[in-house]
Amino acid sequence: MSRSILSPTSQEPAPQEPAANEAVPAGHAALALNIASALLIMLPPVMWAANRSAPLLLSLAALAVLAAEALAGRLPARLKQARALLVQPLALVLLGFLGWALVTLLWSHLPRTGLAMYGELVLSLASGFVVALCWPQTAPARARRALGWSLALTGILVLGELRLGPGLRDALGLRSQLFIFNRPLLTCLLLLAPAVYGLWAGPGAGRGGRALAGLAAVFVTAAIMAGESGAAKLGLMLMAATWLVALALPRLALAGVALAFVAMMAVAPVLGPLADRILPVGVYEQLARAHARDRVDIWLSFGEAIRARPLTGFGFGTSAALRTHPAAAAVSEPHRLLLDVGHPHNAFLQVWVETGLTGVLLICAAGLVFLGRLRHMPARVLSPRLAVVAAALGVASVGHGAWQGWWIAALGATAIWFMSIRQNDAGRNDASRNDTETSR
């Protein structure tokens, strides 16, 4: 909900930041900042080892930057800045959604489950907000290089396990099914955009940085293509296509992504029937590995549930076991069984099912405000950010639950890295202007 996370390229006046060339606080404050940076850098391989760990790492990074700010005596200024950011329109809309989601627990049949999921969502959002607010906004080039190596290493680790088998995991008694790599690969997909952009075109980018960007892209792409996640493959294709189109036609690409977002939300209640009627049998056969037929059946079930409570939804977090909700009796018997699969495998459907039309309108408003604030960016700056948005929308349309903490944390970390590149760009431009004025 901060300016840095949600609208990293906003043109609106922002509260005063420390100067771009301000010295990093010495001693314990510097150590705390280094710890936060290390946690952000190590997010991909740690997700490979423990595929739900992103919220923990982001929360620890938030504690570290808060400690650094306290040691440097900047906490009062940061609190003032946070208050200013939280009354901006985008933040207010998102806070409105969070408030409405909490209200829906009043008619949920699983209020404790919903509250736990709500806490997971809020923790990841709050941690991202704090890190974006306090992390040094002049992250050095070595941090971007470290992220590139971190992504390349994670791609190699995933490829190694896919080729050699999960013998070590079996020996340790850990889950060893291939789908355990879905979350780390989706995390790598999101982080790949700021890593490649920062190494290729960011401040201090050179031949070595570009080579590392290519290396990270190759290994992450290879791991995604070798893995089980159809959502990651779809997201990768959308990211590449959107990036290229946005470079050539930035305004058209932005309008297209905005239109796609609204359309996906609008058609979600009837997505199942549409897919059931339009997709030929051959498509299901070709996408059997991605469980295409199963997904369509799930969409049919949850779409029918939406029609039972379109305005208020069933309550935040109820997708975890919607079949046991009393109102689910309105769903036909053949479709009722699939209401127990955990989530609709479509984030737009989940917003409808759990928070109803009110939640849908709030999410749509937040998304459009965010996209609208990107419209003034030049193509070079817009393209990687829009590519991430397109990839995230694609993944959300077929993948995991909408509120899972690891996904929110990965999105937040991606935005934080984009923020640091932008601040470096601003600092470099300011330095250039100062040099010019000095020479005069």
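Residues numbered from 1 in each chain as written. Predicted model: local features only at pLDDT ≥ 70, side-chain atom pairs only at ≥ 80, totals over all residues. Heavy atoms only, no water.

Here we come to the overall build of the protein chain. What the protein chain contains, in helices and strands, is 20 helices and zero strands. The buried share among the 440 residues of the protein chain stands at 52%. For the protein chain, long-range pairs separated by at least 24 residues make up 81% of all intrachain contacts whose partners lie at least 6 apart in sequence. Roughly 19,200 Å² of accessible area belongs to the protein chain as shown, and the carbon and sulfur atoms make up 68% of that amount. (Helix = DSSP H or I, 4+ residues; strand = E, 2+ residues; numbered from the N terminus. Buried < 20%, exposed > 50% of the residue type's maximum accessible area, 1.4 Å probe, protein only. Contact = heavy atoms within 4.5 Å. Areas by Shrake-Rupley, 256 points an atom, 1.4 Å probe, with all protein chains shown as cover.)

Relative to the helices and strands, Ser150 is located in helix α8 (residues 141-164). When its relative accessible area of 4% is taken as the criterion, Ser150 is described as buried. In this structure, Ser150 is in contact with Ile41, Met42, Pro44 and Pro45, ignoring residues within four places of it in sequence.

Right, let's talk about helix α6 (residues 89-103) for a bit. Relative to the 21 Å expected for 15 residues at 1.5 Å per residue, α6 spans 21 Å between its end C-alpha atoms, a close match to the ideal helical length. For α6, the full list of buried residues reads Leu90, Ala91, Val93, Leu94, Phe97, Leu98, Trp100 and Ala101. (Expected span 1.5 Å × (residues − 1).)

Looking now at the pattern of salt bridges. Counted under the stated rule, the structure contains two salt bridges. When the shortest N-O distance is used, the salt bridge between Arg78 and Glu69 registers 2.8 Å. A single burial state applies to Arg78 and to Glu69, both of which are buried. Look at the salt bridges and you will find they share partners, linking Glu69, Arg74 and Arg78 into a network. (Salt bridge = Lys/Arg side-chain N within 4 Å of Asp/Glu carboxyl O.)

With that settled, the discussion passes to the nonpolar core. Residues Val131, Trp135, Leu151 and Met265 are the most contacted members of the largest nonpolar core, which totals 121 residues. In contact with Val131, not counting residues within four places along its chain, are Leu40, Leu58, Ala61, Ala62, Val65 and Ile416. (Core = buried A, V, L, I, M, F, W, Y, C linked by side-chain atoms within 4.5 Å.)

Let us now look at unusual backbone geometry. For residues that are not glycine, phi is negative in most cases, and the peptide bond is trans in most cases. You will see that His345, though not glycine, has its phi angle at about 55°, which is positive. With respect to the helices and strands, His345 occurs in the loop between α17 (333-336) and α18 (347-372).

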